[in-house]
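# Descriptive analysis of the structure
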Amino acid sequence: MRLLHVDHSERLVSTDFRGKTIPPYAILSHRWGDSEVLLEDIRNNTYKEKKGYRKIDFCAKQAALDQLQHFWIDTCCIDKWNLDELSKAINSMFRWYKNARKCYVFLPDVSVSIATEIVQQSDWEASFRASQWFTRGWTLQELIAPVSVEFFSSEGRRIGDKRSLEQLIHEITSIPVEALQNCPLDGFTISERLKWAENRETTEEEDKVYCLLGILDILMPTSYGEGKEKAWRRLQIEVEAASSAPSIIPFSQNNRFVGREPQLAELEARLFGGNQTTMMAITGPAGTGKSQLALELAYKTRQKNKRCSVFWIDASDMDSLYRSYASIAQKLDVCGWDDEKADIKQLVKLHLSRESARQWLLIFDSTNDINLGSSGVSTAQAANLINYLPQSELCSIIFTTTNSDIAKRLASENIVELGEMAPDTAQRMLENYLDTSVSRSEQQEARLLLQELSYLPLAIVQAAAYINTRNITLQNYRSQLVRQKEEALEHSNEMSANKLHEYGTKCPVATTLLISMDQIRSNDSLAADYLFLAACVDRKDIPVDLLEASSPREREDAIKILNSYALITRRPAESALDLHQLVHRALRGWLQKQERLDQWTQQAIARLLRVFPGHNHGSRSKWRRLLPHAKYALSHSLPEQEGADRMTLVWKCAMALLSDGRNNESEELFVQVIETRKKVLGNEHPDTLTSMANLASTYRNQGRWKKAEELQSTELQICKRVLGDEHPDTLTSMANLALTYSKQGRWKEAERLEVQVMETRKRVLGEDHPDTLVSMGNLATTYGSQGRWNEAEKMFVQELETSKRVLGSEHPHTLTSMENLASTYRNQGRWKEAEELELEVVEARKNVLGSEHPDTLKSMTNLATTYKNQGRWKDAEALFVQATETSKRVVLGSEHPDTLTSMTNLATTYSNQGRWKEAGELLVQVTETSKRVVGPEHPSTLSNMANLASTYCNQGRWKEAEKLFVQVIETGNKVLGDDHPDTLVSMGNLAATYGGQGRWKEAEELFVQVIETRKRVLGDEHPATLSDMINLASTYRNQGQWKKAEGLEVQVMGMSAKVLGAEHPDTLRSMANLASTYWNQRRWKEAEGLEVQVMEVRKRLLGAEHPDTLVSIGNLAMTYGSQGRWKEAEELFVPKLEISKRVLGSEHPHTLTSMANLASMYKNQGRWKEAEELELEVMETRKKVLGEEHPSTLTSIANLAHTLKSQSRNDEAISLMEKCFELQKRILGPHHLNTETSLEALNRWRMENLEIRI
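Residues numbered from 1 in each chain as written. Predicted model: local features only at pLDDT ≥ 70, side-chain atom pairs only at ≥ 80, totals over all residues. Heavy atoms only, no water.

Going by the annotation in an unreviewed UniProt entry, the name recorded for the protein is Kinesin light chain 3, with Lepidopterella palustris CBS 459.81 given as the source organism.

The following block contains the structure:
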């Protein structure tokens, strides 16, 4: 549910409360006018220009007077371009009105003088009684549902409320006073409630029924076009079945259905007979009545089997499938149906798969593809229908499809094929669809007509619709039909066989269409124009906004004319219409024949251009819904007919696709734009250069940095030559090229360009110009990438101060500057300062952009990262989950690159908490999606693979990790280059994986190679270089090469202190590593001195409970223990363990390590029982959390075996160590240090045991 509120700057803000606690709110009841404020007007800040703003302003002020911050108005709190949201809103409307604290009824036809302070009832009663608000169907629930309903005049003056005016309202509406007093509605009979709407009017006749659904507490899909009587019958069926078998069939039963009796009988026998079949398919060419047969089966099933629920599912695309599943979930009250985070399709699948006493029949209509795409979403993001099919013996499934291959794949041999209808059946069908009966003298005429129509059901329906609308005889219609066919035959000689097939000009539907179209063109040119426009866009979900008219009424009248001829399917709830594929094909054929197809395609492009929005986030749902139509029109326009409109629409589509992370599709369109602009405007025109920049940006997003660089270099040279070195476009081009260098890790080249850009902009534009500030930010970022944090910080602070002064503290650029400065603080380990800035940015972006804007979500992710660095993993997790779910469900979609990044961040947080299984599952999902959406060689995919490999390492799955890291390195070398930072990171990770397997020499060689490359590319003092040197030192230490480790660690510590500062987290880490090396050399005092220093600094900077601080405490305690200072060691260990349990959890890996260390200290004091108890607990917990074969679990087993041996429990110790050794040999390998250590102990113990027995 979206709610509005007015912020501190008097700006109207929309907030989506899906998945959140909904605050108290007011709600407006009103009648729609011609210039209402829509959600997109609020997003684009253009709402004050609309006449409807007066009502919004009234509602906001009245809510404020009633101390309600939030309010809801149907015109602008529902995204009408988002069909999922629209569908949910329609089903939730009654509940939303019922839950409102206040309902304000705005009556524009009731006027009260503002001259008098006291309002007299005599002044307004007459107009109040006559108000149209009381005559409309949908306002009935707005009167009944809320507890508090207040009435206001057109001037905004309060007239009274439902309670004070109940007698007057009762007289006007005949609604019982008890109902107006909000007595439970089930206290009134169904027939009583139905009477309340008897005298109310609705725009659509079916709405006379649909407006009662909330009052009757019935969930029933709308089906505009069925007529009021059929809607009534459906409602009655729903009422009768409410307590037995809930069902959803969105269409009324076709009383004119005839024929197909053998097929119907076959379906019933095979689905519900003795040898029950669970899956069947109905297949046949378009227009043969597959859906009508399935519909008849649905109603027959409900009539014959009162315990069988029937659900109709639109399987034409993923969006439609989702809406169908969502309706089923709500109808069955499936647990979690209203949870925005839940996967509705999986919830329904699981619910229907469970054993139950009820049978289910699911009808998947229009299943013409198993891999379902989403409107306006990439085909790469298609989902497999099979993944969402329930598995249950009680669940029968029917598919309708024109594709015989899909029918076989889904239903094997259980297929019912529909061919040509039998003549006598076709005649019965025609008679059923005609308004007047066929006389005996017309029987022969009917047979001849049906023969001309090839007995095709769709053609019969259209012929009957024409005869009914025009009130003509069968003979008259057949004469027109024959004449049309003769003309088509003459023209067919002029068209190629391919064109005849493409446009279906031999299909009888083409002929019936042409007859209807001739009449429409003669009587209503606007309706004809709508048909021609519809032929040039995608045939499904054509928004009525594409259809121009002088008024909404004129447009609706034209649409109804087309509907009367059965040429379209109206969808008033979605403000859209559909064309049958045969009608669409035939229309295009006629336009081609008239040589007008190109002309109308150009008109469609021009109209799309006027409606297609900019690529800002606020218009995302609108452009997603329009993209299929724009892409269709553009793909069917000829290249030689390139015009300004076409190119502008291509560019708009490309920018929208780029904004939506669909880089491959945007690339294709940008290439078109460049080629056209080069041809029309020339290679050096500014617009051509802009197109080149856009394409280069796409290459960069694809990770194709070399191609981006080549294109940007070319563009830059042209800009310099044509525009001059100091032209703004030239400088922008240089900045873009610098960004591409940065992506490749070529920071010196990037820095050189960015300095040049910044200095030039300072001189040409001034130091305070926004472009100059952007340059400063880019250069500061490059400094940061090189580990030059102080320089970066200094420049970011300067940029931020100027930006605040010049642009304001809430300007997007200012907020970006704050975020960049916070990032610099974070990289310096100054997390509190980073957190303060990031909190400020998040709140500002929520206020300015809204909580769902992609930039707001990125800010939340940054803040979550800072929490993670502080060891506040629960806080980080909560924010990451919120950002991921909002991005996935509400904003960008589950497969957008930004959503995948959020999911990766969440997975790393799971890893930090030792929840590696959850992290691994999420990363597998991200990696597979990334491979499919952006490609297996995209840098993001490689990064995700590396993250997954790291998770495998944490789980001790070294071989799987190694295989992935090798794959990442090989691909990285090819795509990014040997020297790229990401490649080097992967090499370092692979080296660590070798180390995890005890393959120290291989690890050492790889680390040396990485360090040499780092030094050459980044320099000796870059943080990444120092980090790898630490890793190499650790490898030396693990090989017992203490002096080599010590020398390297002393060097790193000194350089880190100089470059990063003495208290930087990396400096402290290098000090801790050096202390560890001293410890291994038994140089306890030196180790202690360093460990005390590290611990005190971490306590002061990070806090006493930060995980890094706890590690320091543990290290110092171990050093005390090694010196025999057991009391001091225990005084540190025990409190540290308690803190670790409280902060991290009793099963966290760090906590278990602390317990193991404490057990080791007890053992050294001869406190065997206490040690054994702890070690047993650690071992069992590790088995449960990590698995029995995890390296850490094996270490626990070995520790416990040693403790048992120390107590002379030799047989138990040997048995446990034998088990440990066998596992280590298989998991780690026979030559791993741990394996060899266990074998050595085992052999020694066996020998000792043998000697004792001898």
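Back to the write-up after that little detour.
### Description of the side chain of R1182
Within the secondary structure, R1182 sits in helix α53 (residues 1168–1185). No salt bridge is formed by the buried R1182; its nearest oppositely charged neighbour, E1175, is found at 9.2 Å. At 3.2 Å, the side chain of R1182 and the backbone oxygen of S1192 are in polar contact. Not counting chain neighbours up to four residues away, the residues in contact with R1182 comprise P1149, L1152, T1153, G1187, S1192, T1193 and S1196. (Helix = DSSP H or I, 4+ residues; strand = E, 2+ residues; numbered from the N terminus. Buried < 20%, exposed > 50% of the residue type's maximum accessible area, 1.4 Å probe, protein only. Lys, Arg positive; Asp, Glu negative; His and termini not counted. Salt bridge = Lys/Arg side-chain N within 4 Å of Asp/Glu carboxyl O. Polar contact = N/O pair within 3.5 Å; in protein donor to acceptor, adjacent residues only side chain to side chain. Contact = heavy atoms within 4.5 Å.)

### As for the pattern of salt bridges
Under the defined criterion, the tally for this structure stands at 80 salt bridges. Its salt-bridge partner being D57, residue K61 comes within 3.0 Å of it at the nearest N-O pair. A residue pair is termed a helical-turn pair when its members lie 3 or 4 positions apart in one helix, as K61 and D57 do in helix α2 (residues 53–65) at four residues. Using a relative accessible area of 23% as the deciding quantity, one classes D57 as partly exposed. Between E548 and R607 there is a salt bridge, with its nearest N and O atoms 3.3 Å apart. Taken together, the residues E548 in the loop between β15 (542–543) and α24 (552–564) and R607 in helix α26 (residues 597–611) connect sequence positions 59 residues apart. What makes E548 partly exposed here is its relative accessible area of 40%. Its relative accessible area of 14% is what places R607 among the buried residues. Connected through salt bridges with shared partners, the residues K102, E150, R158 and D161 form a single ionic network.

### Examining the environment of T1025
Positionally, T1025 belongs in helix α46 (residues 1023–1038). The residues touching T1025, leaving out its near neighbours within four places in the chain, are R1014, K1015, L1018, G1019 and D1020. Engagement of the side chain of T1025 in a polar contact is seen with the backbone oxygen of G1019, the distance being 2.9 Å.

### Here's the deal with helix α19 (residues 457–470)
When the terminal C-alpha atoms of α19 are compared, their 20 Å separation across 14 residues agrees well with the 20 Å that a helix rising 1.5 Å per residue should span. Across the 14 residues that make up α19, a large majority, ten, are buried. Taken as a whole, α19 has its buried residues at P457, L458, A459, I460, Q462, A463, A464, A465, Y466 and I467. Once α19 finishes, N471 follows within two positions and takes phi at roughly 55°, a positive value. (Expected span 1.5 Å × (residues − 1).)

### Notes on the sheet that holds strand β8 (residues 279–283)
Pairing is parallel in the open sheet, where five strands are placed in the order β9-β10-β13-β8-β14. Whereas interior strands pair on both sides, the edge strands pair on one side only; in this sheet they are β9 (308–314) and β14 (415–417). Sheet twist, expressed as the mean angle between neighbouring strand axes with direction ignored, is 15°. Bridge count for β8 against strand β13 (residues 395–401) is five bridges, and the pairing is parallel. Paired with A281 across the two strands is F399, which belongs to β13. Across the sheet, helix α14 (residues 318–331) touches β9 and β10 (359–365), and the angle it forms with β9 is around 155°. (Pairing = 2+ DSSP bridges. Axes fitted to C-alpha atoms, helices over the stretch in contact; angles between N-to-C directions.)

### A word on the packing of helix α33 (residues 747–764) against helix α34 (residues 770–785)
The contact between α33 and α34 brings their axes to 9 Å, and the two run at 155°. It follows from the interaxial angle that α33 and α34 lie roughly antiparallel. The chirality of how α33 crosses α34 is left-handed. Residues W747, A750, E751, E754, V755, V757, M758, R761 and K762 of α33 form the contact with α34, whose own contacting residues are D771, T772, S775, M776, N778, L779, T782, Y783 and S785. The class makeup of the residues in the contact of α33 with α34 is eight nonpolar, five polar and five charged. (Parallel < 35°, antiparallel > 145°, perpendicular 65-115°, else oblique. Left-handed = near helix turned anticlockwise from the far one by under 90°. Nonpolar A, V, L, I, M, F, W, Y, C, P; charged D, E, K, R; others polar.)

### Side note on the environment of T139
Within the secondary structure layout, T139 lies in helix α5 (residues 139–144). Placed 34 residues apart in sequence, T139 and V105 show a C-alpha to C-alpha distance of 9.4 Å. Not counting residues within four places of it along the chain, the set of residues in contact with T139 comprises S29, W133 and R200. A polar contact of 2.6 Å, which involves the side chain of T139, links it to the backbone oxygen of W133.

### A word on the sheet that holds β15
Read across the sheet, three strands follow the order β15-β17-β16 without closing on themselves; strand pairing throughout is antiparallel. Unpaired on one side and paired on the other, β15 and β16 (569–571) mark the two borders of the sheet. Sheet topology places β15 next to strand β17 (residues 576–578); two bridges connect them, and they run antiparallel. Its bridge partner lying in β17, I542 is registered against L577.

### A look at the packing of aromatic side chains
Within this structure, the stated rule accounts for 22 aromatic pairs. Taking 5.7 Å as the distance between ring centres and 90° as the angle between the ring planes, the aromatic pair formed by W133 and F151 counts as edge-to-face. Of this pair, W133 sits in the loop between α4 (121–129) and α5 while F151 sits in strand β6 (residues 149–152), placing them 18 residues apart in sequence. Each of the two residues, W133 as well as F151, counts as buried. The rings of W124, F128, W133, F134 and F151 are connected pair by pair, giving a single aromatic cluster. (Phe/Tyr/Trp six-rings, centres within 6.5 Å; stacked < 30°, edge-to-face > 60°.)

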